[in-house]
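# An overview of the molecular structure
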Amino acid sequence: MYDAIVIGLGGMGSATLFHLARSGCKALGVERFGIPHAFGSSHGSTRIIRLAYSEGSHYVPLLREAYRNWRELERVSRRSILHVTGGLDIGPEDSWTILGSKRSCLRHGLEFKELEAEQVNRRYPGYRLPPSLRALYQPDAGYLLSEVAVASHVDAALDLGAEVIQGTRALGWARQAGSLRVDTEAGRFLAKRLVLATGPWVGQLAPVLRQYCRPERQVMLWTSPVVAAAYAPRRFPVFNMESPRGRFYGYPDHRGEGFKIGKYHHLREQVDDPDAMVHTCDADDERVLRDGLDEYFPQASGPTRRMAACTFTNTPDRDFILDRHPEEPDVFVAAGFSGHGFKFCSAVGRIMADLCLSRSNALDTSRFELRPDRIKRFERLASE
């Protein structure tokens, strides 16, 4: 009998397992693939973290908690995970990106600086922004080493007494004599509580959520910059860009891996079955990313080093789901991170552990609950 079982040990599940183990729980983590793996949402080497949050100022307190927890994980694991480069939110003056980022900074007293395109290009030679765009610079932004973070959370949980089974698929769960039975390919396990952190597979273990958590294929591209020095971390801030060619995001060249760029909602390839997701990449994928690369970062437009596909799991309102299962009070769900969740993993792990253990949390997570008004909002957005 375990106090808690966590199914899925990607970004969110690994952090949840760590915080449960740190609380003294007898905890088991079950992972279908390896730790880490390249089939979900936590691979591809790096993920952006930023405080100037255009997606909503309500995320800033959660981000502050995430920063603190990432630094604590670095201390515990003795690994470097969070790299601060500064960050640029880029877009037209009246764009959702600029207005949202500025609103978050003003509401929470964050340090920031507004820059014209010419100032960005002069200060950071790796950029070539047209005059129609401007930027908001926030010095605390940077990137996380996502796969290192997942492995560090799991290793730290193991050191605290947690157990882990990987390469084993969870087949289902059910209520059994006052506890929860989890059926896996490796056998059956019992627990008082269960956490589902299975990313795009959440609908398989919580069918009631399938209609609200839609998997979408994304692609990342790494290139060998033509002018390598312009894309070193000390000279190139991470970016989140709203442009006439779409919404792009990108990173400096981390330790010689290459300049990295992605485009939100890439080819808008939603799938019903995450196991049917295509993980290989082709010329059409590269073309989508080269479009933004050639236009705004021409000195990075050298040979392709590699491409990789990952998965967004989108909710209709693009906010997360952090709550009890709608039909089972001892089952908890972390899902629907909609392409912007990884930076929050260290905080979400703590939130899920607190939920699982019925502990209070100073953070306001009511926006992420599955209240009736939110379900109605989901249904309205899905019909539009």
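Residues numbered from 1 in each chain as written. Predicted model: local features only at pLDDT ≥ 70, side-chain atom pairs only at ≥ 80, totals over all residues. Heavy atoms only, no water.

Ranked by internal contacts, the top residues of the largest apolar core, which has 53 residues, are L62, W70 and L322. Contributing elements (two or more residues each) for this core: β1 (2-7), α1 (11-22), α2 (60-77), α5 (146-159), β20 (328-335) and α8 (345-356). When near neighbours in sequence (up to four residues on either side) are disregarded, L62 contacts F320, F344, A347, I351, L363 and F368. Core analysis: the next-biggest nonpolar cluster, separate from the first, contains 27 residues, L115, A135, F259 and F297 among them. (Core = buried A, V, L, I, M, F, W, Y, C linked by side-chain atoms within 4.5 Å. Buried < 20%, exposed > 50% of the residue type's maximum accessible area, 1.4 Å probe, protein only. Helix = DSSP H or I, 4+ residues; strand = E, 2+ residues; numbered from the N terminus. Contact = heavy atoms within 4.5 Å.)

Let us now look at α2. Each turn of an α-helix holds 3.6 residues, which means side chains three or four residues apart point in the same direction. Spanning 18 residues, α2 covers 25 Å between terminal C-alpha atoms, matching the ideal 26 Å at 1.5 Å per step. Of all the positions in α2, only V60, L62, L63, E65, A66, Y67, N69, W70, L73, E74 and S77 are classed as buried. At the exit of α2 stands R78, carrying a positive phi of roughly 60 degrees. (Expected span 1.5 Å × (residues − 1).)

Here the focus is the side chain of N240. For N240, the location among the structural elements is in strand β14 (residues 238-243). Of the polar contacts made by the side chain of N240, one reaches the side chain of Y264; its length is 3.4 Å. For N240, the contacting residues outside a window of four places in its chain are R50, S54, L88, D89, I90, T97, R247, F248 and Y264. (Polar contact = N/O pair within 3.5 Å; in protein donor to acceptor, adjacent residues only side chain to side chain.)

Attention now moves to unusual backbone geometry. A cis geometry characterises the amide bond from I35 onward to P36, with omega recorded as -10 degrees. Along the polypeptide, P36 turns up in the loop between β2 (27-31) and β3 (46-49). Phi is positive for R78, close to 60 degrees, though the residue is something other than glycine. Topologically, R78 is positioned in the loop between α2 and β4 (82-84). Backbone geometry places R255, a non-glycine residue, at a positive phi of 50 degrees. Mapped onto the secondary structure, R255 falls in the loop between β15 (246-251) and β16 (259-263). Judged by relative accessible area, which is 65%, R255 ranks as exposed.

Structurally, N361 can be placed in the loop between α8 and α9 (372-383). With a relative accessible area of 27%, N361 lands in the partly exposed category. Along the primary structure N361 and R32 are separated by 329 residues, whereas in three dimensions their C-alpha atoms are 30 Å apart. Those residues within four positions of N361 in sequence are excluded, and the remaining contacts are R350, I351 and D354. Engagement of the side chain of N361 in a polar contact is seen with the side chain of D354, the distance being 2.7 Å.

In total, this model carries 26 aromatic pairs according to the counting rule given. A centroid spacing of 6.0 Å and a plane angle of 70 degrees characterise the contact between F236 and F297, whose relative ring orientation is edge-to-face. Taken together, the positions of F236 in the loop between β13 (214-223) and β14 and F297 in the loop between α7 (283-296) and β18 (304-314) put the pair 61 residues apart, joining distant regions of the chain. Take F236: its relative accessible area is 0%, and that puts it in the buried class. Here F297 falls in the buried class, since its relative accessible area comes to 0%. Connected via pairs of aromatic rings, a cluster forms that spans Y124, Y127, Y137, Y231, F236, F239, F259 and F297. Above the plane of the ring of Y251 lies K260, whose end atom (NZ or CZ) is 4.4 Å from the centre. When the ring centre of W222 is taken as reference, the NZ or CZ atom of R306 above it lies at 3.7 Å. (Phe/Tyr/Trp six-rings, centres within 6.5 Å; stacked < 30°, edge-to-face > 60°. Lys NZ or Arg CZ within 6 Å of the ring centre and 35° of its normal.)

These figures capture arrangement, not role.
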